[in-house]
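Fold and contact review
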2 protein chains.
Amino acid sequence: MNQHGAAPPPTYALARFGQIVELGHAAPLRLDSGVEFGPFPIAYRTFGTLNAERSNAILVCHALTLDQHVIGTHPVTGNPGWWDAVVGPGKPLDTDRFFVICPNVLGGCMGSAGPNQIDPNTGEVYAAAFPVVTISDMVRAQVMLLEHLGIPDLFCVIGGSMGGMQVLQWAASYPDRVFAAIPIAAAARHSAQNIAFHEVGRQAIMADPDWRNGEYLRHGVIPRQGLAVARMMAHITYLSETALAQKFGRNLQDRLRLSFGFDADFQVESYLRHQGASFVERFDANSYLYITRAMDYFDLAADAGGELWRAFVGTRSRFCVISFDSDWLFPTAESRTIVHALNAVAANVSFVEIETDAGHDAFLLNVPEFHAALRGFLRGAAEHRGLAAG
Amino acid sequence: MNQHGAAPPPTYALARFGQIVELGHAAPLRLDSGVEFGPFPIAYRTFGTLNAERSNAILVCHALTLDQHVIGTHPVTGNPGWWDAVVGPGKPLDTDRFFVICPNVLGGCMGSAGPNQIDPNTGEVYAAAFPVVTISDMVRAQVMLLEHLGIPDLFCVIGGSMGGMQVLQWAASYPDRVFAAIPIAAAARHSAQNIAFHEVGRQAIMADPDWRNGEYLRHGVIPRQGLAVARMMAHITYLSETALAQKFGRNLQDRLRLSFGFDADFQVESYLRHQGASFVERFDANSYLYITRAMDYFDLAADAGGELWRAFVGTRSRFCVISFDSDWLFPTAESRTIVHALNAVAANVSFVEIETDAGHDAFLLNVPEFHAALRGFLRGAAEHRGLAAG
């Protein structure tokens, strides 16, 4: 019997998705939009072992286009997991010591309820009938998952970019369930410029005639070109100008001189085209619309009466706020705003700005200072939590 | 008889384009691609009066999507000319004193030879058969125009963004014909990041099924949605993050609360959609492909054996290099690179970085310090040139 007094929800495992649990059987999830949603699946993976005290759980929150496959070989792309550098035995998120959980977000396309899933109420793919969800909705679905797993609170919640938004939402909404919080390359509200970039990506997708007003799956097509354009544009924002200059500069691709045409003369063009084309093979266009919308809607201060510090009143969580100096999508100023709000409520907060040319994507890359910061903060927090040394 | 000993080229005036002259009758323009191009039309407008000594001519070079309608009411949009704030009686480019010439660039869509024009050799619209042109090709067409107008040299050549690229090309290729040069918010080569943004815009256009491999005009359609997406994305890069935050922030458009849908909830979305939709009414999609390509190809140092200073050896022109501190598309570092190259050949160069939140578009806006800098530099240069005070 779970806390609702109902039968335990069904759980099953699929190679593509990891574990899947159907939540909301006893009571639906009331979305911020007012929709009563459920039952719905959440796909997740876990790494490491939950200790007897259930006190060593770390929730990893993923970014826009990532998923629960934090480490190991990705079942679709065959690439290593997106946080192979950070999670694993002996790594900063040491799976010999911590129990790491990563669910696919609500609205995603890797097994959790999202627009490419079957609506159990109609037996049809949701497509454009999927409700618009928020970061807060994603977090409440994660709370339901943790209750299902019997984990009363988190040693740590961590994530980069949109993952960092979820971390902030967790800390604000469930302060008693968060011992430590690590928002990385994040912001407490999505900026006008970032909403603008998202809107262009969405327009590119919706301009593709194969989008079919969102109903493309039942027509057996996908808005391949629109989604590729959206990805290409977004990808530019994930890298720094310096990184692009160093990696590609004006180098030509497979040729000695300009072609005086519209082929990919430059390596950077060829690289972007590849990014667009490969993204289409692994990500759902409607999910892209819904998840970007969730990020646009994120504004923690607005939800707390207009002042960010109010979101954190009374918090006893320990925070480590991390930014990267070459990140122009979620610049350090956004992290500083979070730190100031935490300072205003006398929270326990460390602030680390990492020097790197890698831009926003630095949180995914092998940046030793970043990993050292994670390791140091987690070691200290674990000591305070009374977790045995790894 | 002109310099080629042939009959003078035909000139005609059209309200939409200003004056149009057909150049290259006596000898074609040899493009950088190797194509022998011509005869071809160049549309231009002039403002003010050429003095008896023919020594007061200022060539204004326009940016990517602008044209020869520098001041006055634009014949297509009905809006004021793009440099109404800068050009006119008593303004920094004082038409009581100077003779201002602005041609539509080669590859443009406002009367000069471009992909939306008729190829005189076939009687059909060029479309994708138009040759890829370079900034240098544009400048050589301008040289032909000035020869037609009987103007041996320029008091000044000035322009922002792609206009600044033309200014640099003029100074490098025709040092004896340039008394003063003012490259604004420009660069001596297009960066990897900027090539990347252009490539995404081109992919958005070419992904639109109405592009029809460039042959849309003969099918009676235009790639409206693709061009709008390209413009929306580019428009973000013309503004600073600060300007977007100040102008729009997270303000909602015509509503009190979020719609939980994909309409334009936010003002910034509504604004961008408007920018995209209105651009389609005034600009040709193929021109957008060709002109962005010309910018991508621009690399003054590569043309000078790999070292930028070599492009300016022996120059006696006076330079005023201007940048805007919030411009992240053509940041100050690009202008500084130009200044360093000019310093290396002991050129006469002033460097002005203007403080403004307006981003790249600052060169089009009413920024008093910028206009004061133009006024001061032009006054000094005119004195040195021996032009009578205005």
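Keep in mind the model is a prediction, meaning the values are calculated, not measured.

**Thoughts on the overall build of chain A**
- Along the backbone of chain A there are ten helices and 15 strands.
- Relative to the 2.2 N^0.38 estimate, which gives 21 Å for 390 residues, the radius of gyration of chain A is 21 Å and therefore close to what a compact globule would have.
- Referenced to the eigenvectors of the C-alpha coordinate spread, the extents of chain A come out at roughly 65 × 50 × 40 Å.
- Counting the 390 residues in chain A, one finds 56% classified as buried.
- Long-range contacts, defined here as pairs at least 24 residues apart, represent 69% of the contacts in chain A between residues at least 6 apart.

**A short note on the relation of the copies chain B and chain A**
- With an RMSD of 0.0 Å, the fit of chain B onto chain A corresponds to turning through 180° and sliding 0.0 Å along the axis. Within this description, the copies of the chain are treated as partners about a two-fold rotation axis.
- An overlap of 98% is found between the interface residues of chain B and their copies at the interface of chain A, pointing to a shared contact surface.

**Points about the environment of Arg 189 of chain B**
- Within the fold, Arg 189 of chain B resides in the loop between strand 13 (178-184) and helix 3 (192-207).
- The buried category is assigned to Arg 189 of chain B, around which 23 C-beta atoms lie within 10 Å.
- With 30 residues separating them along the chain, Arg 189 of chain B and Gly 159 of chain B place their C-alpha atoms 15 Å apart.
- When residues no more than four places from it in sequence are discounted, the contact partners of Arg 189 of chain B are Arg 250 of chain A together with Phe 298, Asp 299, Leu 300 and Ala 301 of chain B.

**Some remarks on the pairing of strand 13 (residues 178-184) of chain A**
All names here are of chain A.
- Within strand 13, seven of the seven residues are buried, which leaves the element mostly enclosed by the surrounding structure.
- Here strand 12 (residues 154-160) runs beside strand 13; their pairing, made up of six bridges, is parallel. In the sheet register, Ile 158 faces strand 13, and the bridge partner there is Ile 182.
- Since strand 12 and strand 13 lie parallel, the crossover through helix 2 (residues 162-173) that links them has a hand, and here it is right-handed.
- Inspection of the sheet shows strand 13 paired to strand 14 (residues 318-324) by three bridges, in the parallel sense. Across the sheet, residue Ala 181 finds its bridge partner in strand 14, namely Phe 319.

**Looking at the domain arrangement of chain A**
Residues and elements named next belong to chain A.
- Along its sequence, chain A is carved into domain 1 (11-190 + 300-385) and domain 2 (194-293).
- Computed from C-alpha coordinates alone, the two centres of domain 1 and domain 2 are separated by 26 Å.
- Across the boundary between the two partners, domain 1 contributes 26 residues, which contact 23 residues of domain 2.
- Residue classes in the side of domain 1 that touches domain 2 are distributed as 14 nonpolar, ten polar and two charged.

**Looking at the packing of helix 3 of chain B against helix 4 (residues 224-238) of chain B**
Residue and element names in this part refer to chain B.
- Remark: helix 3 packs on helix 4, axes separated minimally by 7 Å, with the N-to-C direction vectors making an angle of 165°. With respect to helix 4, the axis of helix 3 lies roughly antiparallel. Judged by the twist between their axes, the crossing of helix 3 over helix 4 is right-handed. Facing helix 3, whose interface residues are Phe 197, Val 200, Gly 201, Ala 204, Ile 205 and Ala 207, helix 4 presents Gly 226, Leu 227, Val 229, Ala 230, Met 233, Ala 234 and Thr 237.
- Of the residues belonging to the contact of helix 3 with helix 4, the class tally is ten nonpolar, three polar and no charged.

**Considerations on the nonpolar core**
- Of all hydrophobic cores here, the largest spans 269 residues; its most connected members are Ile 58, Val 100 and Cys 156 of chain A together with Ile 58, Val 100 and Cys 156 of chain B.
- Apart from residues lying up to four places away in sequence, Cys 156 of chain A is in contact with Ile 58, Phe 179, Ala 180, Ile 182, Leu 378 and Ala 381 of chain A.

**Comments concerning the interface of chain B and chain A**
- Facing 42 residues of chain B, the contacting portion of chain A comprises 41 residues.
- Of all the secondary structure elements, the ones that give two or more residues to the side of chain B that touches chain A are helix 3, helix 4, helix 5 (241-247), helix 6 (267-280) and helix 7 (285-297) of chain B.
- With eleven residues, the top contributor of residues to the side of chain B that touches chain A is helix 3 of chain B.
- In terms of residue class, the side of chain B that touches chain A is built from 24 nonpolar, eight polar and ten charged.

**Structural notes on unusual backbone geometry**
- The residue after Gly 38 of chain A, namely Pro 39 of chain A, is reached through a cis peptide bond having omega 0°.
- One non-glycine residue, Phe 260 of chain A, adopts positive backbone phi at about 50°.
- Along the chain, Phe 260 of chain A turns up in the loop between helix 5 (241-247) and helix 6 (267-282).
- Phi at Asn 213 of chain B takes a positive value of approximately 55°, unusual for a residue other than glycine.
- Tracing the backbone shows Asn 213 of chain B in the loop between helix 3 and helix 4.

**Overview of helix 9 (residues 332-344) of chain A**
All names here are of chain A.
- Between its first and last C-alpha, helix 9 extends 18 Å over 13 residues, near the 18 Å set by a 1.5 Å rise per residue.
- The complete set of buried residues in helix 9 reads Thr 332, Glu 334, Ser 335, Ile 338, Ala 341 and Leu 342.
- In this structure, the buried residues of helix 9 make contact with helix 2, strand 13, strand 14 and strand 15 (348-354).
- After helix 9 finishes, the residue Ala 346 shows a positive phi value of roughly 55°.

**A closer look at helix 4 of chain B**
- Across its 15 residues, helix 4 of chain B extends 21 Å between first and last C-alpha, which sits within 8% of the 21 Å expected from 1.5 Å per residue.
- Across the 15 residues that make up helix 4 of chain B, a large majority, 13, are buried.

**Quick look at the packing of helix 3 (residues 192-207) of chain A against helix 7 (residues 285-297) of chain A**
All names here are of chain A.
- At a closest axis distance of 10 Å, the pairing of helix 3 and helix 7 adopts a crossing angle of 160°. In terms of orientation, helix 3 lies roughly antiparallel with respect to helix 7. Crossing of helix 3 against helix 7: the hand is left-handed. Note on element contacts: helix 7 touches helix 3 through Ala 285, Tyr 288, Leu 289, Thr 292, Met 295 and Asp 296, opposite Ile 195, His 198, Gly 201, Arg 202 and Ile 205.
- Split by residue class, the contact of helix 3 with helix 7 holds six nonpolar, three polar and two charged.

**Details of the environment of Val 35 of chain B**
Residues and elements named next belong to chain B.
- Within the element layout of this structure, Val 35 appears in the loop between strand 3 (29-30) and strand 4 (36-37).
- Judged by the 16 C-beta atoms lying within 10 Å of it, Val 35 falls in the partly exposed class.
- With 138 residues separating them in the primary sequence, Val 35 and Ser 173 have C-alpha atoms 20 Å apart.

**Comments concerning the confidence of the model for chain A**
Residue and element names in this part refer to chain A.
- In this model, chain A carries an average pLDDT of 95, and 96% of its residues clear a pLDDT of 70 or more.
- The low-confidence segment residues 1-5 (pLDDT under 50) makes six contacts with residues lying over four places distant or belonging to another chain.
- Across the whole predicted complex the pTM is 0.95, and at the interface the ipTM reaches 0.94.

**Considerations on the environment of Pro 115 of chain B**
- Tracing the backbone shows Pro 115 of chain B in the loop between strand 9 (99-103) and strand 10 (118-119).
- Every residue in contact with Pro 115 of chain B, bar those within four places of it in the chain, is listed here: Tyr 126, Ala 127, Phe 130, Asp 284, Asn 286, Ser 287 and Tyr 290 of chain B.

Reading the values: the criteria
- Residues numbered from 1 in each chain as written.
- Chains lettered and ligands numbered in written order.
- Predicted model: local features only at pLDDT ≥ 70, side-chain atom pairs only at ≥ 80, totals over all residues.
- Helix = DSSP H or I, 4+ residues; strand = E, 2+ residues; numbered from the N terminus.
- Rg over C-alpha atoms; globule rule 2.2 N^0.38 Å.
- Buried ≥ 20, exposed ≤ 12 C-beta atoms within 10 Å, placed from the backbone.
- Contact = placed C-beta atoms within 7 Å.
- Least-squares fit on C-alpha atoms with pLDDT ≥ 70 in both.
- Pairing = 2+ DSSP bridges.
- Right-handed = clockwise from strand over helix to strand, strands pointing away.
- Domains from an automatic or database assignment.
- Nonpolar A, V, L, I, M, F, W, Y, C, P; charged D, E, K, R; others polar.
- Axes fitted to C-alpha atoms, helices over the stretch in contact; angles between N-to-C directions.
- Parallel < 35°, antiparallel > 145°, perpendicular 65-115°, else oblique.
- Left-handed = near helix turned anticlockwise from the far one by under 90°.
- Core = buried A, V, L, I, M, F, W, Y, C linked by C-beta atoms within 7 Å.
- Expected span 1.5 Å × (residues − 1).
- pLDDT = per-residue confidence, 0-100.

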